[in-house]
Amino acid sequence: MAAIRSKDTKPEMIVRRGLWKRGFRYRLNHKRLPGHPDLVLRKYRTCIFVNGCFWHGHNITITNKQETINVENSKCCKIPKTNREFWVAKICRNKERDKEEQRKLAEMGWHCITIWECDLKPSKREETLDSIAFTLNHIWLQDHGAKTVPYPKLEEEDMQMPMAAEG
């Protein structure tokens, strides 16, 4: 496990490039915030965590009944069959720690966005990055009290455009 990186991973680099290309500026791995978020956007009071599906137990349901732990694997994450108790306990601790860190950040007034590794596959990548940009813009408008103005209702006559050749 010493070879597993926690910074500058491929999914994190994809998110960083995508946000930079869309005009968002950020800081990396802020040491003073709980959980050391992967990206911190101070202007938006938002922390972004880019999580690996295996290490953070994406879509894994773990039920603890009478000291037995039942685990249902998801499509993107499978628990190894060898040393299963160790991996289940590790992933449970990671999930609990993630919830606690996000709770602390919320108490401090920060928004948290979690991006999963499987959402950054080439087929879903642009959609995921666009939704992050939409969410950040929505957060900024919400925090700065901008009011949305509804579009005026157009009558059928107004919708007919005159031809350019008409006088």
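Reading the values: rules and limits
- Residues numbered from 1 in each chain as written.
- Predicted model: local features only at pLDDT ≥ 70, side-chain atom pairs only at ≥ 80, totals over all residues.
- Heavy atoms only, no water.
- Core = buried A, V, L, I, M, F, W, Y, C linked by side-chain atoms within 4.5 Å.
- Buried < 20%, exposed > 50% of the residue type's maximum accessible area, 1.4 Å probe, protein only.
- Helix = DSSP H or I, 4+ residues; strand = E, 2+ residues; numbered from the N terminus.
- Contact = heavy atoms within 4.5 Å.
- Expected span 1.5 Å × (residues − 1).
- Arc of directions from axis to C-beta.

Attention now goes to the nonpolar core. L19, I48 and L136 are the most contacted members of the largest nonpolar core, which totals 17 residues. Within the residue set of this core, elements represented by two or more residues are α1 (10–21), β2 (39–41), β3 (46–51), β6 (111–116) and α4 (125–143). By residue number, the principal contributor to this core is α4, which donates four residues. Leave out the neighbours within four places in its chain, and L136 touches L19, F24, L41, Y44, T46 and I113. Grouped together as the second largest cluster of nonpolar side chains are nine residues, C53, V88, W116 and C118 included.

So, about α4. End to end, α4 covers 27 Å across 19 residues, agreeing with the expected 27 Å (1.5 Å per residue, within 8%). What α4 keeps buried is the set T128, L129, I132, A133, L136 and I139. Along the axis of α4, the buried positions cluster into a sector of 140°, meaning they face one direction only. Turned more than 90 degrees away from the buried face of α4, the exposed residues are E127, F134 and Q142. Among the structural elements, α1, β2, β3 and β6 are those in contact with the buried residues of α4. Just past α4, the residue G145 takes up positive phi, approximately 70°.

For the rest of this paragraph, the subject is α1. Across its twelve residues, α1 extends 17 Å between first and last C-alpha, which sits within 8% of the 16 Å expected from 1.5 Å per residue. By the burial criterion, the buried members of α1 are P11, E12, I14, V15, R16, G18 and L19. In this fold, the buried residues of α1 make contact with β1 (27–28), β2, β3, β6 and α4. Just downstream of α1, G23 is the residue with a positive phi angle, here 95°.

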